[in-house]
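Spelled out, the chains give:
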Amino acid sequence: MATRKVVITCAVTGAIHTPSMSPHLPVTPDEIAEAAIGAAEAGAAIVHLHARDPKTGKPDQSPEAFEPFLRVIKQRSNCVVNLTTGGAPTMGIDERLGPAAHFKPEVASLNMGSMNFGLYPMLERFKTFQHDWEEPYLAGSRDRIFKNTFADIEHILTTCAENGTRFEVECYDIGHLYTLAHFADRGVIKPPFFVQSVFGILGGIGQHPEDVQHMKRTADRLFGDDYRWSVLGAGRNQMTIAAQAIALGGNVRVGLEDSLWIGPGRMAESNAQQVVKARQIIEGLGLEVASPDDAREILALKGGDRVSF
């Protein structure tokens, strides 16, 4: 019997953490490119990408901000490139969609519901900031809705469908799975669905092992063999949730977007370091790490030769 292959996604910078929180968070195009290539070399089949202003580190969702590192990654790696349509909760839907619509990646992320997205508790841990945008950005999440209406979701699905882009469907709660089922029933999104269950964002489902099992059971019931499951655990529970999901037949996402840590009180020095740790869990369970081409086959992707970068 063939050994199961587990897809590792690495989300290298994101829009949750701010530059003052870690000196290792990639900010400039060069840093983002090197982080993505390093993660791929360590075993990540997919790299999930956001862009930032190189001077301030503020999230930047303009296609111009993505282009410099996309070109470098494409030249130096065979990894699957996944572009965010989440951007940051402060952005409008067309701004968030811009890079995926322009560059036509193999995969784009897609948030499956409007939600509270609380980053403000981080203010208890981080007191001093390098840039004037960081503290208000975190504090503002107390009164901010991350807007992903049915119309927004359909707009992203229909815009990217013409380009053959498939989706990392980000489900922060059980209701998000039912929203995916709604669009699947209407034929707006086609299987196999790549369901990324997100645990531990304040406003979404928690990080208890029963939460992980509940998400898996519900997806199994709704989608059967039509989906591929992956998880990400926010913060310190990143690897615990990864280990549970791998044992349950799932795939994993790691990276500094989701957690700045590699162990209790120890900051991760690179994205690759987290990929290596995930790889050790996978191989320790007698499984194989999927290559980029394995991931393309598992997720039915169009191929790296059909993107616009």
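These remarks concern the structure in this document. (Residues numbered from 1 in each chain as written. Predicted model: local features only at pLDDT ≥ 70, side-chain atom pairs only at ≥ 80, totals over all residues. Heavy atoms only, no water.)

Let's shift gears to the overall build of the protein chain. On a plain count of helices and strands, the protein chain comes out with 10 helices and 14 strands. Taken over the C-alpha trace, the protein chain has a radius of gyration of 18 Å; the compact-globule value for 309 residues is 19 Å, and the two agree within 12%. Across its three principal axes, the protein chain shows a C-alpha extent of roughly 50 × 40 × 40 Å. Evaluated residue by residue, the protein chain yields a buried proportion of 57% over its 309 residues. Contacts in the protein chain between residues at least 24 apart in sequence constitute 75% of all its contacts with a sequence separation of at least 6. Total accessible area on the protein chain stands at roughly 12600 Å², and carbon and sulfur atoms take up 50% of it. Separation of charge centres in the protein chain, based on 30 positive and 37 negative side chains, amounts to 2 Å. (Helix = DSSP H or I, 4+ residues; strand = E, 2+ residues; numbered from the N terminus. Rg over C-alpha atoms; globule rule 2.2 N^0.38 Å. Buried < 20%, exposed > 50% of the residue type's maximum accessible area, 1.4 Å probe, protein only. Contact = heavy atoms within 4.5 Å. Areas by Shrake-Rupley, 256 points an atom, 1.4 Å probe, with all protein chains shown as cover. Lys, Arg positive; Asp, Glu negative; His and termini not counted. Charge placed at Lys NZ, Arg CZ, Asp CG, Glu CD.)

Moving on, we come to the packing of helix H6 (residues 174-185) against helix H7 (residues 209-223). One can describe the packing of H6 onto H7 by two numbers: an axis separation of 10 Å at closest approach and a directional angle of 15°. With respect to their mutual orientation, H6 and H7 come out roughly parallel. H7 is crossed by H6, and the crossing has right-handed handedness. Judged by residue contacts, Ile174, Leu177, Tyr178, Leu180 and Ala181 of H6 engage His214, Met215, Thr218, Ala219, Arg221, Leu222 and Phe223 from H7. Residues that form the contact of H6 with H7 fall into these classes: 9 nonpolar, 2 polar and 1 charged. (Axes fitted to C-alpha atoms, helices over the stretch in contact; angles between N-to-C directions. Parallel < 35°, antiparallel > 145°, perpendicular 65-115°, else oblique. Left-handed = near helix turned anticlockwise from the far one by under 90°. Nonpolar A, V, L, I, M, F, W, Y, C, P; charged D, E, K, R; others polar.)

Looking at the secondary structure, you find Gly87 in the loop between strand S4 (80-83) and helix H3 (93-103). Classification of Gly87 as buried rests on a relative accessible area of 7%. Along the primary structure Gly87 and Gln238 are separated by 151 residues, whereas in three dimensions their C-alpha atoms are 21 Å apart. Those residues in contact with Gly87 that lie beyond four places of it in its chain are Ala15, His50, Gln61 and Arg96.

What is shown is where atoms sit, not what they do.
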